Amino acid sequence: MDIGLDISSSVVGISLLNNQGELLYLDHVKFNKKIADIYEKADFFTNWLKTNNHINDKNIKRIFVEENAKHFNVCSSANTITILAKINALISYCTRNYYSAKVYEVNVLTARKRIGFVNHRNDNRNIKEKIYEYTIKHFPEVKQIMENKYKIKLSKTAYDEIDAFIIAYAGQKIYGN
């Protein structure tokens with residue numbers, strides 16, 4: 001079994017894939033806005049792992065996480081990149097310790113290519129929307145979970161869940177099942 005994580009300072013998307021690459025679980029952990037300290041967020045996440053019945057006793061072999069951003073873009077600053085790198089490292093470390101599994105970093109652009117996604121520049125929608133649409137179209141198991149979970153309104157956390165799935169799926173393709 002492998003876990004995919006999409007880690008940010010406010011939400012962690014989580015996916016669980018079996019050794020055949022089948023999606024078994026898709027969820028997220030949203031940090032309470034009152035928790036500002038990254039170490040408290042790491043503790044909160046670790047407690048969530050321990051109490052979540054879907055993944056707390058699985059035989060996890062690998063943890064795939066999205067590789068840290070290495071350059072600035074329109075929306076990022078040095079401070080933002082630093083905070084994200086810290087929380088990424090802490091959550092990865094806590095997950096590694098909990099499962100005694102190796103952590104593999106997966107480049108987001110490589111992961112998107114591995115699922116067959118091509119970003120058409122003439123489509124001006126947000127990249128997250130385009131990836132969500134592509135993923136539910138090409139992966140029926142993801143579509144089914146999303147439809148069951150978000151019957152009325154799609155939550156922004158769904159994008160984190162989709163990214164976690166893409167990271168895990170691509171990780172298995174890159175490093176083998």
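The rules behind these values
Residues numbered from 1 in each chain as written. Predicted model: local features only at pLDDT ≥ 70, side-chain atom pairs only at ≥ 80, totals over all residues. Heavy atoms only, no water. 1 Å grid on protein atoms, 1.4 Å probe; cavity = no way out; pocket = protein on both sides within 12 Å on 5 of 7 lines; lining within 4 Å. Points joined across faces, edges and corners; volume = space filled by probe spheres on them. Helix = DSSP H or I, 4+ residues; strand = E, 2+ residues; numbered from the N terminus. Nonpolar A, V, L, I, M, F, W, Y, C, P; charged D, E, K, R; others polar. Contact = heavy atoms within 4.5 Å. Salt bridge = Lys/Arg side-chain N within 4 Å of Asp/Glu carboxyl O. Buried < 20%, exposed > 50% of the residue type's maximum accessible area, 1.4 Å probe, protein only.

Colleague: Mind showing me how you'd approach empty space enclosed by the protein here?
Modeller: Using a probe with the size of a water molecule, rolled over the atoms, empty space left in the structure can be pinpointed. A full pass over the atoms with the stated rule returns 1 cavity of 30 Å³ or more. A volume near 30 Å³ is recorded for the largest cavity. Surrounding the largest cavity, Glu66, Val108, Arg112, Asp163, Ile166 and Ile167 form its lining. Among the secondary structure elements, those contributing two or more residues to the lining of the largest cavity are α3 (108-114) and α6 (157-175). Counting residues per element, the lining of the largest cavity draws most heavily on α6, which supplies 3 residues. Residues belonging to the lining of the largest cavity are distributed by class as follows: 3 nonpolar, no polar and 3 charged.

Colleague: I tried to follow the environment of Ile35 on my own but got confused; where do I start?
Modeller: Looking at the element boundaries, Ile35 is found in the loop between β3 (23-30) and α1 (38-51). A sequence separation of 25 residues divides Ile35 from Ser10, and the C-alpha atoms of the two residues are 9.4 Å apart. Apart from the residues within four sequence positions on either side, Ile35 is in contact with Glu40, Lys41 and Phe44.

Colleague: Is there a simple way to think about the layout of surface pockets in this case?
Modeller: Taken as a whole, the second largest pocket spans an internal volume of roughly 160 Å³. Considering the residues around the second largest pocket, the lining is formed by Gly116, Phe117, Val118, Asn119, His120, Asp123, Arg125, Lys130, Glu133, Tyr134, Lys137 and His138. Partitioned by chemical class, the residues of the lining of the second largest pocket number 3 nonpolar, 4 polar and 5 charged.

Colleague: For this particular structure, what's the right way to read the pattern of salt bridges?
Modeller: Pairing between side chains of opposite charge can happen when the charged atoms of each approach one another. This model, assessed by the stated rule, comprises 4 salt bridges. The residue Arg62 makes a salt bridge to Asp2 at a minimum N-O spacing of 2.8 Å. Pair noted here: Arg62 is in strand β4 (residues 62-66) and Asp2 is in strand β1 (residues 2-7), with a separation of 60 residues, a long-range link. Where Glu133 meets Arg125, a salt bridge forms, and the shortest distance between an N and an O atom there is 3.0 Å. The partly exposed category is assigned to Glu133, whose relative accessible area is 44%.

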